[in-house]
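Letter by letter, the chains look like this.
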Amino acid sequence: MIGENKRVEEMNYFELIAWLGIGSSHPGGFPATKQNLDAVQIKPEEYVLDAGCGSGLTACHLAKTVGCKIMGIDINSQMIEKARQRAEKEGVSHLVEFKVADVYELPFADNQFDVVIAESIAVFLDKVKVYRELYRVLKPEGRVADLEMAILKEMPAAVRHQMEECFGSGTNPLPFQEWLEALAQAGFQDVDIKNPQPLRDNGNIVLNELKKDWVLVKDLMSKINRQPGLVRRLQKNAGFMKRNRSYFGFGLVYGRKPTPPPLKLGFKDRLWQVLFRRKPRQ
Ligand SMILES: C[S@@+](CC[C@H](N)C(=O)[O-])C[C@H]1O[C@@H](n2cnc3c(N)ncnc32)[C@H](O)[C@@H]1O
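Residues numbered from 1 in each chain as written. Predicted model: local features only at pLDDT ≥ 70, side-chain atom pairs only at ≥ 80, totals over all residues.

A look at the overall build of the chain
Assigned secondary structure in the chain consists of 11 helices and 7 strands. Seen through its C-alpha atoms, the chain measures out along the principal axes to roughly 85 × 45 × 30 Å. Counting over 282 residues, the chain shows a buried share of 36%. For the chain, contacts bridging at least 24 residues in sequence account for 77% of all contacts bridging at least 6. (Helix = DSSP H or I, 4+ residues; strand = E, 2+ residues; numbered from the N terminus. Buried ≥ 20, exposed ≤ 12 C-beta atoms within 10 Å, placed from the backbone. Contact = placed C-beta atoms within 7 Å.)

Listed below in C-alpha cells is the structure:
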C-alpha cells in the first residue's frame, strides 16, 4: 500500500497527503480550483503544465471539461501513481500525462507550454526560483496561474514556528504584494492577484476534504487502526488552522510571459535592408 512503509510521525506533509489520498490539497479546495480555471479561460488547443499536480484532480478535471492536453508533474512518486490511476479511471489518459519531476529543474525544453497552473506548491519552496523555471518552459505570451496561500497580517514568530511544525520547515506564505513581486522578479508582466479572499471555513485542507468524501473516511479508519499516531497528527494540524485562520487568505497569482523584443540589427544588416529592401540575413 502507498506510503505504508513509513510511520505517520516520520512522514513529511506531502507524504501524509499522498498517503491519505487527498485530492485538492490547497486553500479553498476544489471550488477555488473551478473559480480560478474560469478566470484563466484555457482553450482546447492550448498545452498546459500542472506543476506540483498532486494526485491529478485538477489536471483530469481540465481534460474532461476543456479537452486540452495537459502535462502534470510532481516530485512525489506516490502522487504521480495516484494521478495516473485517476486519469485511467476517468478516461482521460489520452489527454493527460503525468511525470515525476522537480519543479526547480523541469525536464522540458524552453517555450513549450501555453499555460502553467500550480496549486499550493511555491508556498513551500523558493518562489523566484520556481517562477523562473515556469517562465523558461512557457511560450512567449504564455500565462502562469498559481493558487497560493497568503498572509493577511504580520505573523508572530511563535505562530510561524507552529505553522512550520505542521506543514514543514520551508512553509512560507507571503503577503499578496510579495507574491506579485516574486513573479515580476522572474520576468513576468501584467502580474495580478485574481480572486483574493480570506479563508472562509476553518482552513484545514485535510479535514475539509475528508468531510466531503466517504470513501476517504472509510479508508482513514483502517489507516488509524494501523497507525494510531495519525489522529494526533491530524488534530495538531486542525488545531493550528482553527486557532490561526485569521492570518491566512489565498488567491491566484497570475502573470504573463512577455513577447521577446525584436532582434537588434547590426550596421551591416540595416544597410542590407535599406539598400535591398530585404529582410536581414539569418
Ligand atoms: C500541497 S500539495 C498540492 C498538490 C496539488 N497541486 C493540489 O492542489 O492538490 C503540494 C505538492 O507539491 C509537490 N512538490 C513539492 N515540492 C516539489 C518540487 N520541488 N517539485 C515538484 N513537486 C513538488 C508535493 O509532492 C505535493 O504533491
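Comments concerning the nonpolar core
Core analysis: the largest hydrophobic core is formed by 61 residues, its most contacted members being Val48, Ala51, Ala59, Val116 and Leu134. Of all the elements, strand S5 (residues 138-151) adds the most residues to this core, at 6 residues. Leave out the neighbours within four places in its chain, and Val116 touches Leu49, Ala51, Leu134, Leu138 and Val144. (Core = buried A, V, L, I, M, F, W, Y, C linked by C-beta atoms within 7 Å.)

Describing the pairing of S5
A large share of S5 lies buried, amounting to 10 of its 14 residues. Sheet analysis places strand S4 (residues 113-119) next to S5, joined by 6 bridges and oriented parallel. Counted as the bridge partner of Ala118 is Asp146 from S5. Handedness of the β-α-β unit built from S4, helix H5 (residues 127-137) and S5 comes out right-handed. As paired elements, S5 and strand S7 (residues 248-256) share 9 bridges and run antiparallel to each other. Bridge pairing in S7 links Glu148 to Gly251. (Pairing = 2+ DSSP bridges. Right-handed = clockwise from strand over helix to strand, strands pointing away.)

Examining the site of the ligand
Neighbouring the ligand are 19 residues; Gly52, Gly54, Ile75, Asn76 and Glu119 lie closest to it. Here the residues of the shell around the ligand are counted per class, giving 9 nonpolar, 7 polar and 3 charged. (Near = placed C-beta within 6 Å. Nonpolar A, V, L, I, M, F, W, Y, C, P; charged D, E, K, R; others polar.)

Remarks on the pairing of S7
The side chains of a regular strand alternate between the sheet's two faces. Of all 9 residues in S7, 7 are buried; the element is thus mostly enclosed. Of the pairings in the sheet, the one linking strand S6 (residues 189-198) to S7 comprises 6 bridges and is antiparallel in character. Residue pairing for S7: Lys194 is matched across the bridge by Leu252.

So, the sheet that holds S4
Taken in spatial order, the 7 strands of this open sheet run S3-S2-S1-S4-S5-S7-S6, and their pairing is mixed. Of all strands in the sheet, those with a lone pairing partner are strand S3 (96-100) and S6, marking the two edges. Sheet twist, expressed as the average angle between the axes of neighbouring strands with direction ignored, equals 15°. Strands in contact with helix H4 (residues 77-89) are strand S2 (69-74) and S3; relative to S3, the strand with the most contacts, it is inclined by about 165°. (Axes fitted to C-alpha atoms, helices over the stretch in contact; angles between N-to-C directions.)

Overview of the packing of helix H6 (residues 157-167) against helix H10 (residues 229-244)
In the contact formed by H6 and H10, the axes pass within 10 Å of each other and the chain directions differ by 150°. Like other packed secondary-structure pairs, H6 and H10 cross with a definite hand, here left-handed. Between H6 and H10, the residues in contact are Val159, Gln162, Met163 and Cys166 and Lys236, Asn237, Phe240 and Asn244, respectively. (Left-handed = near helix turned anticlockwise from the far one by under 90°.)

A short note on unusual backbone geometry
Across residues other than glycine, the phi torsion is negative in most instances, and most of the peptide bonds are trans. Residues other than glycine seldom take positive phi values, yet Glu141 does so here, at roughly 80°. Within the secondary structure, Glu141 is located in strand S5. Not every positive phi belongs to a glycine, and Asp190 is a case in point at roughly 50°. Structurally, Asp190 can be placed in strand S6.

Quick word on H5
Within H5, the full set of buried residues consists of Lys127, Val130, Tyr131, Leu134 and Val137. Axial view of H5: buried residues confined to an arc of 125°, hence all on one face. (Arc of directions from axis to C-beta.)

Re the environment of Leu152
Structurally, the position occupied by Leu152 is in the loop between S5 and H6. As a C-alpha pair, Leu152 and Leu174 span 22 residues in sequence and 8.5 Å in three-dimensional space. If near-sequence neighbours (up to four positions away) are discounted, Leu152 is found in contact with Pro198, Tyr247, Phe248 and Gly249.

Some remarks on the environment of Leu252
As for its placement among the helices and strands, Leu252 is situated in strand S7. Among the residues examined, Leu252 registers 26 C-beta atoms within 10 Å and is labelled buried. Measuring from C-alpha to C-alpha, the distance between Leu252 and Met149 comes to 9.1 Å, with 103 residues separating the pair along the chain. Setting aside its immediate chain neighbours within four residues, Leu252 contacts Asn36, Ala39, Ala145, Asp146, Leu147, Ile193, Lys194 and Asn195.

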